[in-house]
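Remarks on the overall topology
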Amino acid sequence: MANQVASTLPLFLDLGTPKPSTRDIAHTIRNGGTSALTDAERRADEATYQEVACRSALNPVSGMPFKWTLNPYRGCTHGCHYCFARRYHVQFELNADDEFASVILVKRNVAEVLRREVDRPAWKREVVAVGTATDPYQPIEGHYRLTRSCLEVLAAGRTPIGLVTKGPMIVRDCDKLRDLTRAAGATVYMSVPTVDEEAWRTLEPGTAHPLQRLRAVRTLVDAGVNAGVLMAPIVPGFSSSRDKLERTVKAIADHGARFVGCNVMYLQDGTRSHFMKFLEREFPSMQPRYERLYEQKYPPASYRNEVRGMVRVLQERYGLVRRQDASTTVAEPDGTKERVNDAEQVGFAW
Ligand code: SF4
């Protein structure tokens, strides 16, 4: 009888197979490659999703304008060629090229772990940057809803956030973002480096159309969420001409963004090697200029100031507020800060 009862007990007693940790997964891949991920799920978008159990949800960071980051996923099917997070994938024995965009680690328990962390009496409710190493609204979020669960937990824990995304799916969570705005404060940074169709298709192959992202900004602002745009990164030779910058700034203004920030691409480690291979394959004639411009991680300060100066002029022309607070520097994780030359720069050629 007891066995009969046990066999008919509802599933809430079935705790399922424990998920491997990210360290376990790194070990598995080191020994057998990604084909050794036998319990990963390959979905219709051709990406492979490996569920993992995380031990911590909030990651402490130093040298940044915020002290904590939160990333419910690792890897990103948006697959932007310039993505600075590509290099983090290498830490999991995955490569920064195709595997960054096609093998995604899903932190299945992230919201539960986050709840424990923000419930601690010692938690100081400092700003959490969401989406610094992956897009929290990449398509798989529609299935797992991990970002949404985290927003609920952060609102309950009265913890303010800055969230960066290219995913229009964020409008699904307007209700949670409004709760968080009331409870602690929330700022959404929609990443729209350019509205130029060719540059978008070339550089951000898995993302939604830039105008769809801007329409999401409009929806968020109308819903009472503090939302603006990061033109980050501006990619030399692809999205940096005066005409492209102007069309982008104008579109951002037309969609009611509350602020705008910008940054020029930098290249480091796995991101650098991926981007240079991409250039070699698709745009070999641009290689020599890139090698000169990117002798170091960043292009020369004079170049960056020229781009930023031009964007500043356009921002003023179209009545957009410049965002100077911490989170606009998300694309510079080493915390580098520079003074931007206030003078208008007009000799910018790329
Ligand atoms: S959307 Fe963001 S995290 Fe995803 S690939 Fe593009 S830059 Fe990287």
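That block above? That's the structure.
Residues numbered from 1 in each chain as written. Predicted model: local features only at pLDDT ≥ 70, side-chain atom pairs only at ≥ 80, totals over all residues. Heavy atoms only, no water.

As for its position among the elements, valine 61 is in the loop between β3 (58–60) and β4 (68–70). The exposure class assigned to valine 61 is partly exposed, which follows from its relative accessible area of 29%. For valine 61, the residues in contact, after removing those within four places along its chain, are Phe66, Lys67, Trp68 and Thr69. (Helix = DSSP H or I, 4+ residues; strand = E, 2+ residues; numbered from the N terminus. Buried < 20%, exposed > 50% of the residue type's maximum accessible area, 1.4 Å probe, protein only. Contact = heavy atoms within 4.5 Å.)

Around the ligand sit Cys76, His78, Gly79, Cys80, Tyr82, Cys83, Phe100, Thr134, Asp135 and Lys166, and that is every residue in its neighbourhood. If you map the ligand onto the pockets, it falls in the largest cavity. For the shell around the ligand, a count of residues per class yields five nonpolar, three polar and two charged. (Near = heavy atom within 4 Å. 1 Å grid on protein atoms, 1.4 Å probe; cavity = no way out; pocket = protein on both sides within 12 Å on 5 of 7 lines; lining within 4 Å. Sits in = over half its atoms within 2 Å of the grid points. Nonpolar A, V, L, I, M, F, W, Y, C, P; charged D, E, K, R; others polar.)

Take the sheet that holds strand β8 (residues 161–165) next. Across the sheet, seven strands lie side by side as β3-β4-β7-β8-β9-β10-β11; this open sheet has mixed pairing. Each edge of the sheet is formed by a strand with only one pairing partner; in this case those strands are β3 and β11 (260–264). Neighbour to neighbour, the strand axes of the sheet diverge by 25 degrees on average, direction disregarded. Taken strand by strand, helix α8 (residues 174–183) contacts β8 and β9 (186–191), and its axis lies near 135 degrees from that of β9. (Pairing = 2+ DSSP bridges. Axes fitted to C-alpha atoms, helices over the stretch in contact; angles between N-to-C directions.)

What follows is about the packing of aromatic side chains. A complete count under the given rule lists 10 aromatic pairs for this structure. Ring geometry for phenylalanine 84 versus tyrosine 266: centroids 6.2 Å apart, planes at 25 degrees, classification stacked. With phenylalanine 84 in the loop between β5 (73–74) and α3 (86–89) and tyrosine 266 in the loop between β11 and α12 (269–282), the pair connects residues that are 182 residues apart, well separated along the chain. On the accessibility criterion, phenylalanine 84 (17% relative accessible area) is buried. A relative accessible area of 5% places tyrosine 266 in the buried class. Where phenylalanine 278 meets phenylalanine 283, the ring centres are 5.8 Å apart and the plane angle is 65 degrees; that geometry is what we call edge-to-face. Its relative accessible area of 1% is what places phenylalanine 278 among the buried residues. (Phe/Tyr/Trp six-rings, centres within 6.5 Å; stacked < 30°, edge-to-face > 60°.)

Let's shift gears to the nonpolar core. Judged by nonpolar contacts, the single largest core of 86 residues is most densely connected at Leu70, Leu114, Ile161, Met231, Phe238, Phe275 and Tyr290. For this core, the element with the most residues is helix α7 (residues 146–156), which contributes six residues. Residues Leu37, Val52, Leu94 and Leu105 belong to the second largest nonpolar core, which totals seven residues. (Core = buried A, V, L, I, M, F, W, Y, C linked by side-chain atoms within 4.5 Å.)

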